[in-house]
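The chain contents come next:
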Amino acid sequence: MKIIAIIGSPHGEKGSTAKLTRLVLKGAEREGASTETIYLQGDSVLPCLGCDYCHKKGSCFQKDSFEEIRRSVLESDGLVLASPNYISNVSAQMKAFMDRCSGMVHCIGFQGKYGASVVTSGGGDEEPIADYMNHFMMITGIQSVGSVWATMRLVPGDEFPQDIATRAIDLGKRLVSASKNKEVFPEIRKKMDAFEQRMRTLMQYRKDEWPYEYEYWKKFKDLR
Ligand SMILES: Cc1cc2nc3c(=O)[nH]c(=O)nc-3n(C[C@H](O)[C@H](O)[C@H](O)COP(=O)(O)O)c2cc1C
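The rules behind these values
- Chains are numbered independently. Their residues run from 1 in the order of the written sequence.
- Local features in a predicted model are, by the rule used here, given only for residues with pLDDT of at least 70; side-chain atom pairs are given and counted only at 80 or more, and totals for whole chains, interfaces and linings are based on all residues.
- The side-chain values count all of the structure's non-hydrogen atoms but skip hydrogen atoms and water molecules.
- The patches described consist of residues with a relative accessible area above 30% and no salt bridge, like charges being joined within 9 Å and nonpolar side chains (Val, Leu, Ile, Met, Phe, Trp, Tyr) within 5 Å.
- Calculation of accessible area relied on Shrake-Rupley with a 1.4 Å probe; when residues are assessed, cover is drawn exclusively from the protein chains displayed.
- Between Lys or Arg on one side and Asp or Glu on the other, a salt bridge is scored when a side-chain nitrogen of the former is within 4 Å of a carboxyl oxygen of the latter.
- Numbering of helices and strands runs from the N terminus, with a helix taken as a DSSP run of H or I at least four residues long and a strand as a DSSP run of E at least two residues long.
- Throughout this document, a residue counts as near a molecule or strand when at least one of its heavy atoms sits within 4 Å of that molecule or strand.
- The term polar contact refers here to a pair of N or O atoms within 3.5 Å; inside protein, the definition further demands a hydrogen-donor-capable atom paired with an acceptor-capable atom, and it admits residues adjacent in sequence only when both atoms are side-chain atoms.
- Polar here means any residue outside two lists: the nonpolar Ala, Val, Leu, Ile, Met, Phe, Trp, Tyr, Cys and Pro, and the charged Asp, Glu, Lys and Arg; Gly therefore counts as polar.
- Comment: axis = line fitted to C-alpha atoms, over the contacting stretch for helices; angle = value between 0 and 180 degrees taken between N-to-C directions.
- By the definition adopted for this analysis, an angle is roughly parallel if under 35 degrees, roughly antiparallel if over 145, roughly perpendicular if from 65 to 115, and oblique otherwise.
- Less than a right angle of anticlockwise turn of the near helix away from the far helix marks a crossing as left-handed, whereas a clockwise turn marks it as right-handed.
- The contact criterion used throughout is that any non-hydrogen atoms of two residues lie within 4.5 Å.
- The buried label applies to any residue whose accessible area, calculated with a 1.4 Å probe on protein chains only, is under 20% of its type's maximum; exposed applies above 50%, and partly exposed to all values in between.
- Here, nonpolar core means buried Ala, Val, Leu, Ile, Met, Phe, Trp, Tyr and Cys residues that are tied together by side-chain atoms lying within 4.5 Å of each other.
- Strands are labelled as partners when DSSP assigns at least two bridges between them.
- For a crossover, the right-handed case is the one in which the path from the first strand over the helix to the second runs clockwise, viewed with the strands pointing away from the viewer.

Novice: Which residues make up a nonpolar patch on the surface, and what are the values?
Specialist: There is a patch of nonpolar side chains on the surface, built from L49, Y53 and F61 and spanning about 290 Å² of accessible area. The topology assignment puts Y53 in helix α2 (residues 53–57).

This is the structure:
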């Protein structure tokens, strides 16, 4: 059982987001998972160029860490997406990663995996950001088991208060147990089914422009 955490903070392992994520991973490890953390710092994942190359060919030609990160996610059982609140949204680093996953959205390429999201902020508004990362996971085929967040203004000292720490550790445990038991979350499944229908129609419409994705759908999703 392998859980990958992707941290979208320029502060990397020293930041609050990484610190909260470490508690989630601690929970996952207590349930027997091995974990790996990927930091989206600097230009490790460049912004999408909007060229459609990945839709046509199946991968991006930009020379950065994206393809390696994607491979790691594909080989994992679970994904933790973690971002600081940057102006009421995910950080640019996290958004660049999400945009570069456009092909994984069209192909619902992370299907069968489980996820969780982590947000820290200076002053609040974390929930819509966590919901957005959970939505991203849903449209790539990942069922999210939930989220944890912390408003750093309210965190005195170096340690998270017990309630937040417990929530984070429990989230990590929950992620592993959902994956072990291949749980189905009916509400998420319903949204995934509707999204899959939308992508199926898109693939039929774009079959000449996006041959890689069209072939993927024919091979793995029974598209005729
Ligand atoms: C560019 C930028 C934008 C930010 N925007 C917000 C914001 O809109 N609301 C908020 O509560 N905190 C905001 N913050 C504060 C961060 O969310 C907060 O410090 C977070 O815990 C940083 O996590 P990190 O240490 O992992 O980078 C912002 C910080 C930066 C640098």
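Now that the structure has been shown, we can carry on.
Novice: Which residues make up the site of the ligand, and what values go with them?
Specialist: Of all residues adjacent to the ligand, which total 16 residues, the nearest are S9, H11, T17, N85 and G123. Within the side chain of T17, one N or O atom sits 2.6 Å away from an oxygen atom of the ligand. Separating a nitrogen atom of the ligand from a backbone N or O atom of G122 is a distance of 3.1 Å. Considering the ligand on its own, with 640 Å² of exposed area, one finds that the protein chains cover 69% of that surface. Mapped onto the shell around the ligand, the elements with two or more residues apiece are α1 (16–30) and β4 (114–121). For the shell around the ligand, a count of residues per class yields four nonpolar, 12 polar and no charged.

Novice: Which residues make up the packing of helix α8 (residues 186–205) against helix α9 (residues 211–220), and what values go with them?
Specialist: It is at 10 Å that the axes of α8 and α9 come closest, and there the two elements cross at 125°. It follows from the interaxial angle that α8 and α9 lie oblique. Handedness of the α8/α9 crossing: left-handed. Listed contacts from α9 to E196, M199, R200 and M203 of α8 are E213, Y214 and W217.

Novice: Account for the pattern of salt bridges, with residues named and values stated.
Specialist: Enumeration according to the criterion identifies 10 salt bridges in this entry. A salt bridge links D99 to K95, with the nearest nitrogen and oxygen atoms 2.7 Å apart. Of this pair, D99 and K95 both sit in helix α4 (residues 92–100), four residues apart, roughly one helical turn. Classification of D99 as partly exposed rests on a relative accessible area of 31%.

Novice: Explain the nonpolar core to me, and be specific about the residues and the numbers.
Specialist: Among the nonpolar cores identified, the biggest contains 43 residues, and I3, L20 and V80 are the most heavily contacted of them. Residue contributions to this core peak at eight residues, all from helix α7 (residues 162–180). Contact partners of L20, with chain neighbours within four places excluded, come to V118, V119, T120, V148, W149, A150, F160, I164 and A168. Membership of the second largest hydrophobic core comes to 25 residues, among which are V45, L81, F110 and V119.

Novice: Can you lay out the pairing of strand β5 (residues 143–151) for me, pointing to particular residues and giving the numbers?
Specialist: Counting buried positions over the nine residues of β5 gives seven, a clear majority of the element. Note: β4 against β5, seven bridges, orientation parallel. Within β5, the position partnered with V118 by the bridge is V148. Handedness of the β-α-β unit built from β4, helix α6 (residues 127–140) and β5 comes out right-handed.

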